[in-house]
Structure formats: C-alpha cells, structure tokens
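Chain by chain, the residues run as shown.
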Amino acid sequence: MSALLKKIRTPTFIFFSCVLVLSVIVAILSKPYFTERIFYVDNYKYSFYSEQDNLVTYRSKTNDPIQVNLDHGKRTVTIQHQEYFITKIDSSPSSNYKVIYPNGHKYEVHDSSGILLTSDGHGNYVSEVSIFVNNQRIPQDGEEQYSPSTLVTAAYPEYHVTQGAPVLLYLALAVLIYGWCSFRYLKFQNILFLLSLRWIWVNDPEPSDFYYFMTKVSGIIVMIGALWIAIQAF
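These lines cover the structure that appears in this document, whether it is placed above or below. (Residues numbered from 1 in each chain as written. Predicted model: local features only at pLDDT ≥ 70, side-chain atom pairs only at ≥ 80, totals over all residues. Heavy atoms only, no water.)

1. Brief notes about the sheet that holds strand β5 (residues 74-79)
Spatially, β10-β9-β8-β7-β6-β5-β4-β3-β2-β1-β13 is the arrangement adopted by the 11 strands of the open sheet, whose pairing is antiparallel. Since the sheet does not close on itself, it has two edges, and those belong to β10 (125-126) and β13 (161-162), each with one partner. With two bridges joining them, strand β9 (residues 115-119) and β10 adopt antiparallel strand pairing. Residue pairing across strands places Ser119 opposite Tyr125, the latter belonging to β10. Of the strands in this sheet, β1 (37-41), β3 (55-59), β4 (66-71), β5, β6 (82-89), β7 (96-100), β8 (106-112) and β9 touch helix α3 (residues 148-155), which is tilted by about 135° from β9. (Pairing = 2+ DSSP bridges. Helix = DSSP H or I, 4+ residues; strand = E, 2+ residues; numbered from the N terminus. Contact = heavy atoms within 4.5 Å. Axes fitted to C-alpha atoms, helices over the stretch in contact; angles between N-to-C directions.)

Quick look at the structure:
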C-alpha cells in the first residue's frame, strides 16, 4: 500500500493523470464547438437556431437573424425583411442555382467541386471580391448587398462548414508530452543527445551539465508552446 501511495505521488503519475483528465474535459467541452456547422454573411457568423414547419432560422450573436423557407427545390432567404429566391437546378456533374433578388436582378451560381462560382444573365462570371472597412462590408457600384454565392450558402446546409481545427489539440498534446519528457527524464535527454549526432564531432561524447540545463529550459518552452498550439485550434 505504501508503495502504491508513493507511486501515486510521483511527478510522472501526477503529470499524466492531470493530462488525461484535462484532455477528457477539453474533448467534452469543445465537441459542440467543433461539430457545429456555420456559415458567414459579411463576416458575421451564423449557426442553426430553430426549425418550425418549413422555416429554418439561423442566428448570429452580432447581427440580424436569417430565415430560410424550404419548398423542395426552391428556397426563400429572408434577410432584414428582404426576400431572395433561389431555385436549385440539378445537372451533371454538379448542381446549379438560380438566384433572384428583390430588385429583379438574376444570377446563376455554379457548384464547381464545392466552390461556388457566379455568373450573370449573360453567362459572364462575376467577381465576388468584397471590400471591408472596420469589419463592415462596403458594396461597390453595381454590387449587390449580398453576393449570390452567399445566399446559396445560407440556403443549403451542405455548404455550411465546421469551425476550428481539432487536429491541433492532438498536436498540442503530443508537443506537451515531448516537452515534459525533455524537462523531466534524464534518459530522454540522453536519447535526444544521441539523435542530435553531436557526440560524433566532439572530444568528449557525453552530454554536459549545460546541455542538460538547456534541455530542461527547452522543455519548459515547448510546454508553453503546446498551450499556444491548443489555443489556435479554436
């Protein structure tokens, strides 16, 4: 029993126990964030809010809601009381969409391997590069308030995307463990010395006290870097 208690109190056991518990907590709390499907309208992030009958509502924390009325192949997107009509045209190898604006302007949006390209009524492709000032979109002369591809994205959930990069959390975990091993374990530090091949061209092929010190410092820096990587996942 005393041996077990002694083992539990070791820094190694405490470290990996904390890492395991923290990993489980982060996985549970971050799952809704990484699995929620979103889309952007003028840099405002929208996500699903509710669905009643054939009316789907998407909400943003900082902008007016968007409603989509579903009618088989036709959809009506309502933004700030303005209605935009979208009709899906199934064609091989991908889908096309017709978009009609409240002012009567018509466009076609083509799905090119998941990338939405817009053309006008004459078949000419329309650039959808927008200008933002203080995070506010400034429509140029002749430019619609909302681009056709943005409206199609809002209307069809298959163009909504998940957010974040959960793979960075796995990378952060690996980097954290690497940093801990560099800081804590003499054998690991010796392995790093051998892998560095420094012993080939030095007179005394043994790690110096300065090497061990710098390896510990590097381990601390690497663990701090692991925290930065984890933050970048969100």
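This is not the end of the story, as more comes after the structure.
2. Comments concerning a nonpolar patch on the surface
Together, Leu20, Val21, Val24, Ile25, Ile28 and Leu29 give the surface a local cluster of nonpolar side chains, amounting to about 600 Å² of exposed area. Mapped onto the secondary structure, Ile28 falls in helix α2 (residues 11-35). The exposed category is assigned to Ile28, whose relative accessible area is 58%. (Patch = residues over 30% accessible without salt bridge, like charges linked within 9 Å, V, L, I, M, F, W, Y side chains within 5 Å. Areas by Shrake-Rupley, 256 points an atom, 1.4 Å probe, with all protein chains shown as cover. Salt bridge = Lys/Arg side-chain N within 4 Å of Asp/Glu carboxyl O. Buried < 20%, exposed > 50% of the residue type's maximum accessible area, 1.4 Å probe, protein only.)

3. Side note on the pairing of β3
Across five bridges, the pairing between strand β2 (residues 44-52) and β3 is antiparallel. Across the sheet, Glu51 pairs through a bridge with Val56, a residue of β3. With antiparallel pairing between neighbouring strands as the criterion, β2 and β3 make up a hairpin whose turn holds two residues, including Asp53 at a positive phi of roughly 55°. With four bridges connecting them, β3 and β4 associate as antiparallel partners. Within β4, the residue paired with Tyr58 across the bridge is Ile66. From the end of β3 to the start of β4, which pair antiparallel, there are six residues.

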